[in-house]
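# Overview (structure and organization)
Next come the chains, spelled out residue by residue.
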Amino acid sequence: MDNRWVGLGASALLVAVISGCGDDAVGTDSASSSGGETTTSSSSSGTATTTGPGTTSTATGTDSASESTTTTTTTTTTTTTTTTSTTGPMPACGDGSVDPGEECDDGAANGPGMACKGDCTANVCGDGDQGPAEECDNGDQNADNGACTTACKNAACGDGLVGPGEGCDDGNQVDDDECTNACKLASCGDGILNMGEACDDGNADDTDACTTNCTLPACGDGFVQMGAGEACDVGVDNSDHGACTLTCQAATCGDGLIYNEGDGAEECDDANAVDDDACTNGCVLPTCDDQAKNGGESDVDCGGPCDACALGEGCENDSDCAPNKCDANVCYYPASCAEVLALDPPAQTGDYMIDPDGPVGEAPFMARCDMDSDGGGWTLVGSQVNGDGRKWNSLAVHTDVSIFGALGSYTTADYKNVGWTTLAAQDLMIRSEEYAVAWTDNLLVDKTFGAWIAGAYNMNACSQTFLGGTPTYSEVLSDAQVKLFDVVVRALDSNCSCFPGCNENALVSFVFPNCCWTGGLGNTPAGQATWSTHDHSLPKITTLNPQACNPANYPCNPASSWIANGLCYDTSCKTLYASVWVR
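Let us look at the structure shown here. (Residues numbered from 1 in each chain as written. Predicted model: local features only at pLDDT ≥ 70, side-chain atom pairs only at ≥ 80, totals over all residues. Heavy atoms only, no water.)

## Description of the overall build of the chain
Within the chain one finds five helices and 22 strands. Within the span of the chain, comprising 583 residues, buried residues form 39% of the whole. Considering only intrachain contacts with a sequence separation of at least 6, the fraction spanning at least 24 residues in the chain is 41%. Carbon and sulfur atoms make up 52% of the accessible area of the chain, which totals about 28,700 Å². (Helix = DSSP H or I, 4+ residues; strand = E, 2+ residues; numbered from the N terminus. Buried < 20%, exposed > 50% of the residue type's maximum accessible area, 1.4 Å probe, protein only. Contact = heavy atoms within 4.5 Å. Areas by Shrake-Rupley, 256 points an atom, 1.4 Å probe, with all protein chains shown as cover.)

Take a look at the structure:
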């Protein structure tokens, strides 16, 4: 800021007029001046006037008198101040200046416990921040009956407010009125029940039926009042998860409260004496290795939430036994590959233990399961293999419970398991090393394959009745080749007698040449010599040459198709094996 001083000068003007009274002479004036004063003297009679800045004196006298006039000159100085405004930082809380929107701003002195808080709001009682003039401040917990009053004063006996631990507080220092200076009811402890007392037993025992504050025992007061039924009391530390409950009872297993604080080790507490439910009688959660049946298990440490139970162990449903099944509340083998797949949908093609007739029938056996063809669930019950001798050469072997061969070699040697006559099924599949055909529309009508053959076999006549129709599932074959297949049991051989007669026919026929014989499972044991040396006559795919025909002319099938060129007598035109699968 620049200051400029302007000095204002002052001049003094002295005018003296001297006139003589009755005298023509005019005297000579003599004047002297020093600094700001001017003095005029006259020796002649008359009037003299002296004028200075701010002062004027006039003297009148004779010429024998001497007059002195003093003039004071005053100099006035004027100072002019110029203010220049400069733009600085934006206003902010903490800059020491109370800006719009701020209640206060003490700059660096802002902060917790200060008159002005860190957000430039005034520290006031009730804001939870103890200010310089406050003894305490518990925010919205301030209360006139609490540790910090609504005036932000520490509760104290004599403040006129009944605070924690006080029986009264009348705010005076009179010790002999209804409330003592110790803030106790005046008569508490005198053994007489007075106004304001809940009890008074005249003693200093806090564990009996009346406390020293003349209040009734209360759970949570920190005193164990056994007469009031309390077993413990740790005051504010009482907890339904601690050693002393909120009802002042010692925590125990079976009280319905989970004691898991401090030294507590309970995991559960269902307040009952049932040891095999979701919480044991030891107040621990059941596990799958606690050697007990509990927690939803169907047997000891298995079933329910645990791993599946083994065969013979208890169960409630199939999931308790997977991949086996629950039969009469006992885990047992599935009846078929279809049941294996139903119990365990991800099951893959392979070998599985099954028992078609259950615990009371034939022994369970290892079965080959096809979990892929037409949705899976197929069980292998037997196979007929050419070149290994004859085993399938009678009606009996096709219908009884005899078994032979080995599962692992069913494609190279004759094989039959008990499922042939014990596994009731609906669908039938014939599979060779070249192709497969299947009837999936309940051809077997819920019978075993052996029983179905026995039921369809007419002891008194050869059959021209087609039972299956065109297969509903096939692999490798063309549509025209699939139409060559159908099913006839003990089919007519037009140039000789039927199974087990004299010529070239099968017990269960699937294909029909345009002349005479049939081809399928169980070749006739008699008749043409080379034909009778092998078990089946399922033709190779190269032999399946479709030809249209009239279904009215047997052996033309209902699909109007038969094989154009007849089958050969030896095995050169036949597949290596024909395996039988049911579902």
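The rest of the description comes next.
## Focus: the state of the cysteines
Tallied over the entire structure, the rule returns 22 disulfides. Disulfide pairing is shown between cysteine 157 and cysteine 183; the S-S distance is 1.9 Å. Linking cysteine 157 and cysteine 183, the disulfide has an S-S dihedral of approximately 105 degrees and is accordingly described as right-handed. Here cysteine 157, found in the loop between strand S7 (77–81) and strand S8 (325–327), pairs with cysteine 183, found in the loop between S7 and S8; they are 26 residues apart in sequence, far enough to count as distant. We classify cysteine 157 as partly exposed; its relative accessible area is 36%. When its relative accessible area of 3% is taken as the criterion, cysteine 183 is described as buried. (Disulfide = S-S within 2.5 Å.)

## Re the side chain of serine 239
With respect to the helices and strands, serine 239 occurs in the loop between S7 and S8. Discounting chain neighbours no more than four positions away, the residues touching serine 239 are Cys244, Thr245, Leu246 and Glu261.

## What about helix H4 (residues 449–456)?
Inspection of H4 places Phe449, Gly450, Trp452 and Ile453 among the buried residues, and these make up the whole buried set. Take H4 and look down its axis: the buried residues cluster within an arc of 165 degrees, on one side only. (Arc of directions from axis to C-beta.)

## Some points on empty space enclosed by the protein
Within the structure shown, the criterion is met by two cavities of 30 Å³ or more. In this model, the second largest cavity occupies a volume close to 50 Å³. If you go around the second largest cavity, the residues you meet are Gly165, Glu166, Gly167, Cys183, Lys184, Leu185, Cys188, Thr212 and Asn213. Grouping the constituent residues of the lining of the second largest cavity by class yields three nonpolar, four polar and two charged. (1 Å grid on protein atoms, 1.4 Å probe; cavity = no way out; pocket = protein on both sides within 12 Å on 5 of 7 lines; lining within 4 Å. Points joined across faces, edges and corners; volume = space filled by probe spheres on them. Nonpolar A, V, L, I, M, F, W, Y, C, P; charged D, E, K, R; others polar.)

## A few points about the packing of aromatic side chains
Counted according to the given criterion, the structure contains 15 aromatic pairs. Between the aromatic rings of phenylalanine 449 and tryptophan 452, the centroid separation amounts to 6.1 Å while the plane-to-plane angle is 15 degrees, which identifies the pairing as stacked. Separated by three residues within a single helix, phenylalanine 449 and tryptophan 452 lie in helix H4, roughly one turn from each other. Neither residue differs from the other here; phenylalanine 449 and tryptophan 452 are each classed as buried. (Phe/Tyr/Trp six-rings, centres within 6.5 Å; stacked < 30°, edge-to-face > 60°.)

## Points about unusual backbone geometry
In this model, phenylalanine 499 is joined to proline 500 through a cis peptide bond whose omega is 0 degrees. Structurally, proline 500 is set in the loop between strand S17 (488–489) and strand S18 (506–511). Across the junction of tyrosine 554 and proline 555, the peptide omega takes the value 10 degrees, indicating a cis bond. Relative to the elements of secondary structure, proline 555 occurs in the loop between strand S20 (546–548) and strand S21 (561–563). Phi at cysteine 248 is positive, roughly 60 degrees, even though this residue is not glycine. Following the sequence through the fold, cysteine 248 ends up in the loop between S7 and S8. Residue classification places cysteine 248 among the buried positions, given a relative accessible area of 0%.

## Things to note about the environment of valine 174
Here valine 174 is to be found in the loop between S7 and S8. When residues no more than four places from it in sequence are discounted, the contact partners of valine 174 are Cys179 and Asn181.

## Topic: the nonpolar core
Ranked by size, the top nonpolar core spans 40 residues in total, and within it Leu428, Ile430, Trp439, Phe449, Phe485 and Phe510 carry the most contacts. When residues of this core are traced back to their parent elements, those giving at least two are strand S14 (428–431), strand S15 (436–439), H4, S18 and strand S22 (577–582). Counting residues per element, this core draws most heavily on S18, which supplies four residues. Filtering out sequence-adjacent residues up to four positions away, leucine 428 remains in contact with Trp378, Val437, Ala438, Trp439, Leu443, Leu444, Phe449, Phe510, Val580, Trp581 and Val582. With ten residues, the next largest nonpolar core counts Ile354, Phe365, Met371 and Val418 among its residues. (Core = buried A, V, L, I, M, F, W, Y, C linked by side-chain atoms within 4.5 Å.)

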